[in-house]
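Here is how the chains run, residue by residue.
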Amino acid sequence: MIVTERPEPWHRRTRRFLRATDQRGELVRGARFLRRLVPGDPLAPSTGRSSDRLARLLAEAGADRPSATRELGLAAVQAWQAVRRSGAHPVSADGITVLFTDLVGFSAWALQAGDERVLELLRSVAEVTESVVTGHRGSIVKGLGDGVMAVFADPGEAVNAAYETCSAVSVIKAEGYLPHLRAGLHRGNPRRVGDDYLGVDVNIAARIMAAADGDEVLASGSVVDELDPGAVIVRPRRSFRAKGTPKDLRVCRVVPRYSNS
């Protein structure tokens, strides 16, 4: 008896061909090059947005093999996130309030905590920060590893967002580490370049943040002078000194007064 092999079904041949094509080295390299041209990073710690979750699924699907399709999918998500960020930042003729935040003592803990616990904490902090900042009509400009840069049109909203973010982060649980966020605020007219802001006013805000203690919000006089005196408690920081800031820069500790009504 002569037994002849049945031809392989067309759909299996097609699937095998597409899979082999998807893994061709030159196509994968080309797709990766294209993704590098798109601004942003879809694999940064999640902020809870649907596009972040989609990026994670794309990255984890078949992560053990190269894939041009996966690279192009990540590039598309990256481009979408960039579009969402553009135009979302507040515009004010009177100036922009810049906020910087940072986790105190994070680097030392991260060295021995392991990637999984570090990423879990960063994702939790990112979710809390995104929620509070946007809830106070602010916009996150960029993530900075264990902190963010955000901008606000209203300095009062910026102070409330900074204080509430510090409070919310302090109750996040992390094994072997008690998260304490510090925040710095400065109001000025930084230059907007694409999705980012540059200039002296941005540097001043970052320097002010670096001088804060855990759970502390420091703000320059340019912010304090725009606040409702009845809405905030202000305590001057008399010993403030920071390289690259004006010698006459006033810096204060600020705490919102919340009404009981």
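Residues numbered from 1 in each chain as written. Predicted model: local features only at pLDDT ≥ 70, side-chain atom pairs only at ≥ 80, totals over all residues. Heavy atoms only, no water.

**Quick word on the packing of aromatic side chains**
Evaluation of the coordinates by the stated rule reveals 3 aromatic pairs. Centre to centre, the rings of Phe 106 and Trp 109 are 6.0 Å apart; their planes meet at 55°, and the pair counts as tilted. A residue pair is termed a helical-turn pair when its members lie 3 or 4 positions apart in one helix, as Phe 106 and Trp 109 do in helix 5 (residues 106–113) at 3 residues. Across the pair, exposure class does not vary: Phe 106 and Trp 109 are buried alike. Look at Phe 106 and Tyr 177: their rings are 6.5 Å apart centre to centre, the planes differ by 70°, and that puts the pair in the edge-to-face class. In this pair, Phe 106 sits in helix 5 while Tyr 177 sits in the loop between helix 7 (155–169) and strand 4 (181–188), placing the two residues 71 residues apart along the sequence. Grouping residues by exposure puts Phe 106 and Tyr 177 together as buried. An aromatic cluster is present here, built from Phe 106, Trp 109 and Tyr 177 joined pairwise through their rings. (Phe/Tyr/Trp six-rings, centres within 6.5 Å; stacked < 30°, edge-to-face > 60°. Helix = DSSP H or I, 4+ residues; strand = E, 2+ residues; numbered from the N terminus. Buried < 20%, exposed > 50% of the residue type's maximum accessible area, 1.4 Å probe, protein only.)

**Notes on the pattern of salt bridges**
Pairing of side chains with opposite charge becomes possible as their charged atoms draw close. Using the criterion set out here, one finds 9 salt bridges in the structure. Note that Arg 182 and Asp 102 form a salt bridge whose closest N and O atoms lie 2.9 Å from each other. Of this pair, Arg 182 sits in strand 4 while Asp 102 sits in strand 1 (residues 96–103); the two residues are 80 residues apart in sequence, bridging distant segments of the chain. The class of Arg 182 is buried, set by a relative accessible area of 19%. Judged by its relative accessible area of 14%, Asp 102 is buried. Residue Arg 137 pairs with Glu 157 through a salt bridge whose shortest N-O separation is 3.1 Å. Of this pair, Arg 137 sits in the loop between helix 6 (115–135) and strand 2 (139–143) while Glu 157 sits in helix 7, and the two are 20 residues apart along the sequence. In this structure, a network of salt bridges that share partners links the residues Asp 213, Glu 216, Arg 237 and Arg 253. (Salt bridge = Lys/Arg side-chain N within 4 Å of Asp/Glu carboxyl O.)

**Things to note about the sheet that holds strand 3 (residues 148–152)**
Here we have 7 strands laid out as an open sheet, ordered 2-3-1-4-7-9-8, and mixed in their pairing. Two strands close off the open sheet at either side, each with one partner strand: strand 2 and strand 8 (232–236). The average undirected angle you get between the axes of adjacent strands in this sheet is 25°. In terms of strand pairing, strand 1 meets strand 3 through 4 bridges, oriented antiparallel. Across the sheet, residue Thr 97 finds its bridge partner in strand 3, namely Phe 152. (Pairing = 2+ DSSP bridges. Axes fitted to C-alpha atoms, helices over the stretch in contact; angles between N-to-C directions.)

**A few points about helix 6**
End to end, helix 6 covers 30 Å across 21 residues, agreeing with the expected 30 Å (1.5 Å per residue, within 8%). In this structure, the buried side of helix 6 is in contact with strand 1, helix 5, strand 2, strand 3 and helix 7. (Expected span 1.5 Å × (residues − 1). Contact = heavy atoms within 4.5 Å.)

**Describing the nonpolar core**
Soluble globular proteins tend to pack their nonpolar side chains together in the buried interior. One finds Leu 103, Phe 106, Trp 109, Leu 121 and Leu 185 to be the most contacted residues of the largest nonpolar core, which totals 35 residues. What Leu 185 contacts, discounting residues up to four positions off in sequence, is Thr 97, Val 98, Leu 99, Ala 158, Val 159, Ala 162, Ile 208, Val 217, Leu 218, Ala 219, Ser 220 and Val 223. Of all hydrophobic cores here, the second largest spans 10 residues; its members include Ile 96, Val 98, Phe 100 and Ala 205. (Core = buried A, V, L, I, M, F, W, Y, C linked by side-chain atoms within 4.5 Å.)

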